[in-house]
Amino acid sequence: MTRTHTPAHSTPGGDDTSRTGLYGGTTNRRVTVRDIAAAKRRGEKWPMLTAYDAMTASVFDEAGIPVLLVGDSMGNCHLGYDSTVPVTMEQVLMLSAAVVRGTRRALVVGDLPFGSYQEGSVQALRNATRLMKEAGVGAVKLEGGERSAEQIDLLVRSGIPVMAHVGLTPQSVNAYGGHPVQGRGEEAAQQLLRDAKAVQDAGAFAVVLELVTADLAAEVTRSLHIPTVGIGAGAECDAQVLVWTDMAGMTDWSGGRRPRFVKEYARVREVLAGAARGFAEDVVGGTYPAPEHSFR
């Protein structure tokens, strides 16, 4: 893409993300895992959003969002599935490539979907390599703590940056029997701490903490030298992520309760519905297309 890019809160002429900050900073290159590590050292908090198409990704990129996750949440909010489990590698590859094409600054992280790395390190390397080569992502994400450490280790040693994901891992929804908060009770808390340290020791550059009690997430964040990315994990994480359709008010919660951690920053669903109704009424009433919309 060739458009000019000057995010809000940026410093014109800046080229060093470590000077201008992750959010809203200007740079002539993409954000990298080194920038993420530097932000942790500075104590800088930063935002991450999901994205699944080039146009939406370009909006978030222009807004200065430094990291975009092409999450397997696409299953729920983009592809119409009931969970993330049915999402395939081909779907993640296609949408990840679109997000990369729609951005020029954000670090794009591609999710490894269920069944693409559970067999072991070789399978994980094969599919992560596809995401890097075919889609052009800058990093991959996979779920699991100690059980995924071997996969993370091989990917990192092979030159593939990895974002880990512990706490509630949605790909295991059938095993959990729902979406319970993680880390309650001494045994569960100690296991989550072990999981977080295991992925750090394996070489992950960051770790998502999902649906983790706030006190435990704060303890994990203090214990790690890599940044934590919270979603339903309290305010002490180094970064926060939301699914963009939840954040923007696109999700229809009429069939279920909105999660406590979701904050809607807009009502995009209402705006689109209003636009669709306006178009339909003009067509039915014969006022669209008007003469100025027609050719002579």
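Residues numbered from 1 in each chain as written. Predicted model: local features only at pLDDT ≥ 70, side-chain atom pairs only at ≥ 80, totals over all residues. Heavy atoms only, no water.

The name given to the protein chain in an unreviewed UniProt entry is 3-methyl-2-oxobutanoate hydroxymethyltransferase, and the organism recorded there is Streptomyces calidiresistens. On record in UniProt, under Catalytic activity (unreviewed entry), the comment for the protein chain is "(6R)-5,10-methylene-5,6,7,8-tetrahydrofolate + 3-methyl-2-oxobutanoate + H2O = 2-dehydropantoate + (6S)-5,6,7,8-tetrahydrofolate". (UniProt positions renumbered as here; feature names shortened; annotations may be inferred.)

Comments concerning the sheet that holds strand 6 (residues 206-210)
On the basis of which strands lie adjacent, the closed barrel formed by 8 strands has the order 1-2-3-4-5-6-7-8 and parallel pairing. Adjacent strand axes in the sheet meet at a mean angle of 25° when their direction is disregarded. As defined by bridge partners, strand 1 (residues 46-50) adjoins strand 8 (residues 239-242) across 4 bridges and the pair is classed as parallel. In the sheet register, Met-48 faces strand 8, and the bridge partner there is Val-241. (Pairing = 2+ DSSP bridges. Helix = DSSP H or I, 4+ residues; strand = E, 2+ residues; numbered from the N terminus. Axes fitted to C-alpha atoms, helices over the stretch in contact; angles between N-to-C directions.)

A word on the UniProt feature "binding site: Mg(2+)" (unreviewed entry) in the protein chain
The sites that UniProt annotates as "binding site: Mg(2+)" (unreviewed entry) are Asp-72, Asp-111 and Glu-143. These annotated residues cover 72 residues of sequence, and their C-alpha atoms lie no more than 10.8 Å from one another, placing them together at a single site. The topology assignment puts Asp-72 in the loop between strand 2 (67-70) and helix 4 (74-77). Judged by relative accessible area, which is 5%, Asp-72 ranks as buried. Once residues within four sequence positions are removed from consideration, Asp-72 is found in contact with Thr-84, Val-87, Asp-111, Glu-143 and Gln-171. Checked against the element boundaries, Glu-143 lands in strand 4 (residues 139-143). (Buried < 20%, exposed > 50% of the residue type's maximum accessible area, 1.4 Å probe, protein only. Contact = heavy atoms within 4.5 Å.)

Points about the nonpolar core
Core analysis: the largest hydrophobic core is formed by 57 residues, its most contacted members being Leu-68, Leu-112, Leu-131, Val-140, Leu-155 and Leu-209. Sorting elements by how many residues they give to this core places helix 5 (residues 89-101) first, with 7 residues. Each residue touching Leu-155, except ones within four places of it in the same chain, is listed here: Leu-112, Ala-124, Leu-125, Ala-128, Val-140, Leu-142, Ile-160 and Val-162. Judged by nonpolar contacts, the second largest core, of 19 residues, contains Val-31, Ala-39, Val-67 and Val-109. (Core = buried A, V, L, I, M, F, W, Y, C linked by side-chain atoms within 4.5 Å.)

So, helix 2 (residues 33-42)
Of the positions making up helix 2, those classed as buried are Asp-35, Ile-36, Ala-38, Ala-39 and Lys-40. Count one or two residues on from helix 2 and you reach Gly-43, which has phi positive near 75°.

Things to note about the side chain of Thr-50
Tracing the backbone through its elements, the reader meets Thr-50 in strand 1. Exposure remark for Thr-50: the relative accessible area of 3% places this residue in the buried category. At a separation of 3.0 Å, a polar atom in the side chain of Thr-50 contacts the side chain of Tyr-52. Among the polar contacts listed, one links the side chain of Thr-50 to the backbone nitrogen of Trp-244, at a separation of 2.9 Å. Contacts of Thr-50, omitting those with residues within four sequence positions, involve Phe-60, Leu-69, Ser-73, Leu-242, Val-243 and Trp-244. (Polar contact = N/O pair within 3.5 Å; in protein donor to acceptor, adjacent residues only side chain to side chain.)

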